[in-house]
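# Observations on the model geometry
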Amino acid sequence: MNLRGVGVSPGFGHGPAYVLSVSVPEPPEGATYTGEAEQEKERAVVALTQVAGELEARGHRAGGEAEEILKAQALMTEDPGLVVRVRSLIDRGLAAPRAVYEAFARYREVLAGSGGYLGERAADLDDVRDRVIAALYGIAMPGLHGAPAEPYVLVARDLAPADTALLVREHVAAFVTEEGGPTSHTAILARALGVPAVVACPGATGITPGARVLADGTSGEVRVEPAESDVAEAVSADAVRRAAYAQAEGPGRTADGHPVPLLANVGGPAELDAAVAAGAEGVGLYRTEFLFLNRTEPPGVEEQLPAYQQAARAFPGGKVIVRTLDAGADKALAFLPVPSEPNPALGERGVRLFRRFPEVMEAQLDALAVAGDLMVMAPMVATAEEAEWFVRACRSRGVAQAGVMVEVPSAALRAGDLLSSVDFVSIGTNDLSQYTFAADRQLGAVSALQDPWQPALLDLVALTATAAREAGKACGICGESAADPAMACVLVGLGATTLSMGAGALPAVRAALAAHTLDECRLAADAARDAVTAAEARAAARAYLPALGRLGV
Amino acid sequence: MGERKVTVAAEVGLHARPAATFVQRAMKAPMDITVAKMHSAKPPVSGKSILAIMALDVRQGETVVISAEGEGSEDVLDELAEIAGTP
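These numbers come from a predicted model, not from an experiment.

## Comments concerning the overall build of chain A
The secondary structure content of chain A amounts to 23 helices and 16 strands. Relative to the globule expectation of 24 Å for 553 residues, the C-alpha radius of gyration of chain A, 26 Å, shows essentially globular dimensions. C-alpha atoms of chain A, sized along the principal axes, occupy 85 × 60 × 45 Å. Looking at the 553 residues of chain A, the share that counts as buried comes to 53%. The contacts in chain A between residues at least 6 apart in sequence include a share of 66% that link residues at least 24 apart. Of the roughly 22,400 Å² of accessible surface on chain A, a fraction of 52% belongs to carbon and sulfur atoms.

Structure representation (structure tokens):
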């Protein structure tokens, strides 16, 4: 059985599955109690106090960051507002477990509605709630205890700080969770410990306890009961990889010293540390949607500013490229209303929406202009007029470096015209492929057309990069394709000046580039473009990139 | 009634550790303490409730108004303001 999730902490782990799943049932709606209200309230308070005490004690034993997280959870458990609410629900006739459930629900709703970092804290709250309900029902919460015979792959719906506080690094081969995102507790902890981790992996909790699991924290691939030979291959490939990655250090460059800054794609301030830790030289795509989601009003300049300043501060002297709000019908925002669209991907997205709501753009540009030395680019630009309009807007608000993303084929075909007004371009290969092949990114049935090795896509990259070189301007790549080490070499051969990717992919790409000369990259790029199919292009390029095999990629 | 206006300096805003430290101090005080976010429609919340403070969603760079009344409230406010303003 193969599962796929999102790799959030690179590396590879293998071992028996330790499935940490407790399901604490939702207490039935309207459940009542027999006896006195005072006794029922007492019962609830005892459970809350007991859980708070346990969390604090675990934190105390764990120390460090875990202690702080658990202390905060203990405070949540004994929150005076929560306790008042539990008591009043019991007075209204609800049984203690249901009263606890409903009292937490109100806070949970507020946190979950905020999205992002705060939204993921809703999981911390759920954990506290389930512990209190378990205490009331007399259900034992599982913990991790004893030294296992061999390191295990910890599988759970989501890991809570209390689950992992006393975790011993040497006992764990990998984390696999069904839920969670790049800023979930699991992901943060995994990166801090250096444990490979895959989150958002549907079906994970269905893994049989004890089954052997092979998890790749880079690709997000999870294999259950893999063949012995696959494990052996993965183990040795991983050892080779680690050794090769360890050798390639410092700024991105080819074997003959041609510099190619390696940047990270970042979804918000919480991911900056991981990017720095992975050796990113800057940010090639700083997404700003997190500032705008789940709100009724757009954020003001002052509210946006800290998020931009943090990015600038994380990479002093490095490039930080911020993408302006990329909203549209598929990521609709209450304060940017557009009529319903039959084909949202072809509707008022990205910069097109800014033309309708210029005040939102101006506030964002104002914040970016004062935040520091940032480069700013607009998404979904199709024509030279749009590019010029955006650059003018940037200049009038004091943004020094203005660029556009190339993700619509028309922009690639006439890149030279766009480049006459912008300072730089960045190719978003994911959307460029979607629009070039008329193949929906979200649709599995047409995913073969989304192959980044499609020669037509490589042609568009080449056109754009060549136009940029002639204009003497930078052409970066910030799509997923830059994360593939072989493709990264080809992109450099096509003329890309920087590569930006998820931080987890940086070590492999750095090693692949360091192992090949710029000439080899160019030959590989030419060979790929001479091919007719994606598979042929991949094979043809690899023939000119001899060190890839040695690197195990 | 005494009050302090403080710009939150911590990178995570008034969440996680800063919020926990703040609430732990507030809980030791005998009087009521309220926290409100400037330029926000949300009503002031109890400074002793970590859940209510988290729900205010105060980010780095945003300003909060901490209020308290009664004997010793000035000292408590000074301490709370320092916690909220600590990076």
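## Structural notes on the domain arrangement of chain A
Residues and elements named next belong to chain A. One can read the domain layout of chain A as domain 1 (2–17 + 143–232), domain 2 (37–137) and domain 3 (242–551). Placing a centre on the C-alpha atoms of domain 1 and another on those of domain 2 gives a separation of 27 Å. Tallying the contact residues gives 13 residues for domain 1 and 16 residues for domain 2. Contact between domain 1 and domain 2 buries roughly 1,100 Å² in total, counting both sides, with carbon and sulfur atoms accounting for 58%. For the pair domain 1 and domain 2, the number of links is zero salt bridges. Contributions of two or more residues to the side of domain 1 that touches domain 2 are made by helix 7 (161–164) and helix 8 (185–193). Element by element, the count of residues in the side of domain 1 that touches domain 2 is highest for helix 7, at three residues. For the side of domain 1 that touches domain 2, the per-class residue count stands at six nonpolar, four polar and three charged.

## Remarks on the UniProt feature "binding site: phosphoenolpyruvate" (unreviewed entry) in chain A
Residues and elements named next belong to chain A. Feature annotation in UniProt places "binding site: phosphoenolpyruvate" (unreviewed entry) on Arg287, Arg323, Asn430, Asp431 and Arg441, given in this structure's numbering. Structurally, arginine 323 can be placed in strand 11 (residues 320–323). Other than its neighbours up to four places away in sequence, arginine 323 contacts Leu285, Tyr286, Arg287, Thr288, Glu289, Gln364, Met377, Pro379 and Met405. As for its position among the elements, aspartate 431 is in helix 17 (residues 429–436).

## Considerations on the pattern of salt bridges
All chains considered together, the criterion is met by 31 salt bridges over all chains. Salt-bridge contacts for aspartate 130 of chain A lead to arginine 129 of chain A; the nearest nitrogen and oxygen are separated by 3.2 Å. Pair check on accessibility: aspartate 130 of chain A and arginine 129 of chain A agree, each one buried. Across the salt bridge formed by glutamate 62 of chain B and lysine 37 of chain B, the nearest N and O atoms sit 3.5 Å from each other.

## With respect to the environment of glycine 70 of chain B
All names here are of chain B. Along the chain, glycine 70 falls in the loop between strand 4 (63–68) and helix 3 (73–84). Residue classification places glycine 70 among the partly exposed positions, given a relative accessible area of 44%. When the C-alpha positions of glycine 70 and alanine 84 are compared, they lie 21 Å apart, and in sequence the two are 14 residues distant.

Analysis parameters
- Residues numbered from 1 in each chain as written.
- Chains lettered and ligands numbered in written order.
- Predicted model: local features only at pLDDT ≥ 70, side-chain atom pairs only at ≥ 80, totals over all residues.
- Heavy atoms only, no water.
- Helix = DSSP H or I, 4+ residues; strand = E, 2+ residues; numbered from the N terminus.
- Rg over C-alpha atoms; globule rule 2.2 N^0.38 Å.
- Buried < 20%, exposed > 50% of the residue type's maximum accessible area, 1.4 Å probe, protein only.
- Contact = heavy atoms within 4.5 Å.
- Areas by Shrake-Rupley, 256 points an atom, 1.4 Å probe, with all protein chains shown as cover.
- Domains from an automatic or database assignment.
- Buried area = accessible area lost by both parts, 1.4 Å probe.
- Salt bridge = Lys/Arg side-chain N within 4 Å of Asp/Glu carboxyl O.
- Nonpolar A, V, L, I, M, F, W, Y, C, P; charged D, E, K, R; others polar.
- UniProt positions renumbered as here; feature names shortened; annotations may be inferred.

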